[in-house]
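Residue strings, one per chain:
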Amino acid sequence: MKGIVSICCFFSLLVLALAAAIQKLRKIYHSAIKPMEQAYKYNELRAHEISGGRTLGDGNTDGEITSKPMVLFLGPWSVGKSSMINYLLGLKDSPYQLYTGAEPTTSEFTVIMHGEKTRSIEGIVMAADSSRSFSPLEKFGQSFLEKLIGIEMPHKLLERVTFVDTPGIIENRKQQERGYPFNDVCQWFIDRADLIFVTFDPTKLDVGLELEMLFRQLKGRESQIRIILNKADNLATQDLMRVYGALFWSLAPLINVTEPPRVYVSSFWPFDYAPDTSRELFKREEISLLEDLNQVIENRMENKIAFIRQHAIRVRIHALLVDRYVQTFKDKMSYFSDPDLVFKEIVDDPDKFFIFKSILAKTNVSKFDLPNREAYQDFFGVNPIGSFKSLSAQCSYSGGCLLDKIEKAITSELPGLLSSINPGKAPPGLSSCEATGCGDKPKNRYRKN
């Protein structure tokens with residue numbers, strides 16, 4: 001009995017520690033990162049920049065920081081995505097089991113999450129609820145919201161994770177027939193997913209244009225991808241080995257990484273395996289998948305801190321670039337100059353004025369972290385250069401400099417927070433400026449230096 005009490009106390013303390021860490025993370029974001037975002041309109045850059053990276057700031061940021069890990073199920077139609085979710089949550093024969101069948105059955109994006117009672121929620125209600133992290137989905141239009149549904153239920157696993165089931169890919173159907181931007185919606189969920197299960201049926205490995213597009217969208221998220229070869233008991237062991245090889249042959253051009261994603265081979269549903277099936281192998285695969293899922297849940301806080309830190313680095317680089325554009329514009333302007341023509345020349349050919357090279361030379365920013373040059377043409381097309389102050393002017397007597405704050409968050413506060421929840425691990429980049437691009441800091445004109 002003492003052991004049970006001790007374990008309960010341990011988990012209670014763990015929950016409290018995680019809650020405290022989330023509050024600190026929110027405080028760091030709002031005090032050090034968000035002011036820089038707003039001052040240099042970073043979110044408008046993200047609207048134009050083509051990137052496979054996970055993003056913040058297109059809606060309820062607090063909701064994303066406090067949200068549970070998200071597990072996304074993707075793949076062709078009728079490969080067992082919905083059956084797998086039913087199996088993992090034990091929904092078979094319950095009123096809220098996801099509908100399954102041999103034909104294309106799932107036409108909605110279904111979000112399965114924790115709630116005090118079992119109920120379904122319409123997409124328009126989910127998007128309107130500011131306490132959730134789904135409000136940005138309104139931008140995809142009413143037609144999509146009609147294809148979005150939420151299911152809440154009091155399930156232990158859902159206290160720690162959220163599942164998202166997606167419509168199956170149908171290669172012979174034009175995307176426009178869906179009535180909403182399917183790939184854009186998928187990208188939104190991909191950017192926020194902590195684990196992505198791409199599911200296949202070994203009896204139909206059809207890799208077409210829509211699936212190729214999906215894997216292009218997954219670029220940069222390879223560490224989150226897991227391949228599921230489901231319904232594997234439909235084939236004999238020898239045939240299954242051939243299918244396994246054929247699957248990798250088909251996916252190799254689409255996943256350009258040195259280490260291929262982990263592949264799980266089993267039949268994830270509540271029915272017994274077919275006769276002459278490698279039962280022990282399938283069971284071990286199932287246990288391994290559950291351990292993988294549990295690891296993602298356990299790493300929830302570390303992933304969020306790392307994500308916010310990466311986001312802060314991108315915001316800082318954007319601010320440095322805008323500052324460089326502002327300074328170059330001021331240097332090139334004269335009494336007789338046409339400001340529009342001067343700035344158009346700078347934006348059209350930033351290399352001529354060493355905009356990006358100067359950032360690399362002075363701040364140790366990696367060239368791989370620099371945004372797309374063309375993105376700034378669109379960015380300044382809607383944001384006049386006169387609407388931005390230089391970094392040296394972004395200081396106050398009471399608040400200090402915005403650049404100082406975000407650098408402190410990157411090099412000290414966020415690594416320190418990570419260290420506090422992982423006492424045995426050394427915080428990454430605690431005093432290193434090479435990883436974050438610390439460079440010349442503007443002087444605070446309100447303080448003695």
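Read on for a plain summary of the structure. (Residues numbered from 1 in each chain as written. Predicted model: local features only at pLDDT ≥ 70, side-chain atom pairs only at ≥ 80, totals over all residues. Heavy atoms only, no water.)

1. As for the pairing of strand β5 (residues 162–165)
Operational definition: Throughout this description, buried means an accessible area under 20% of the type-specific maximum (1.4 Å probe, protein chains only), exposed means over 50%, and partly exposed covers the range between. Labels follow the DSSP assignment, with helices taken as runs of H or I lasting at least four residues and strands as runs of E lasting at least two, numbered in each case from the N terminus. The criterion for strand pairing is that DSSP finds at least two bridges linking the strands in question.
A two-sided burial pattern is seen for β5, the buried positions comprising T162 and V164 on one face and F163 and D165 on the other. Pairing analysis gives 3 bridges linking strand β2 (residues 109–114) to β5, with the strands arranged antiparallel. The partner of I112 across the bridge, within β5, is F163.

2. Quick notes on the sheet that holds strand β6 (residues 195–200)
Condition: Comment: axis = line fitted to C-alpha atoms, over the contacting stretch for helices; angle = value between 0 and 180 degrees taken between N-to-C directions. Here a residue-residue contact requires only that any non-hydrogen atoms of the pair lie within 4.5 Å.
Ordered in space as β3-β4-β2-β5-β1-β6-β7-β8, the 8 strands form an open sheet in which the pairing is mixed. Sheet topology places β3 (119–122) and β8 (262–265) at the edges, where each strand pairs with a single neighbour. Each strand axis lies, on average, 20 degrees off the axis of its neighbour in the sheet, ignoring direction. Across 4 bridges, β3 lies against strand β4 (residues 148–153) in antiparallel orientation. Along β4, the bridge assignment pairs E122 with I149. Along the sheet, helix α10 (residues 279–298) makes contact with β1 (70–74), β5, β6, β7 (225–229) and β8, crossing β8 at roughly 135 degrees.

3. Structural notes on the state of the cysteines
In protein chemistry, a disulfide is the covalent bond that joins the sulfur atoms of two cysteines. We apply this condition: Our working definition of a disulfide is a cysteine sulfur pair at a distance within 2.5 Å.
All chains considered together, the criterion is met by 1 disulfide. A sulfur-sulfur distance of 2.0 Å marks the disulfide that ties C395 to C401. Taking the torsion about the sulfur-sulfur bond, which here is approximately 105 degrees, the covalent link between C395 and C401 counts as right-handed.

These values are about where atoms sit, not about what they do.
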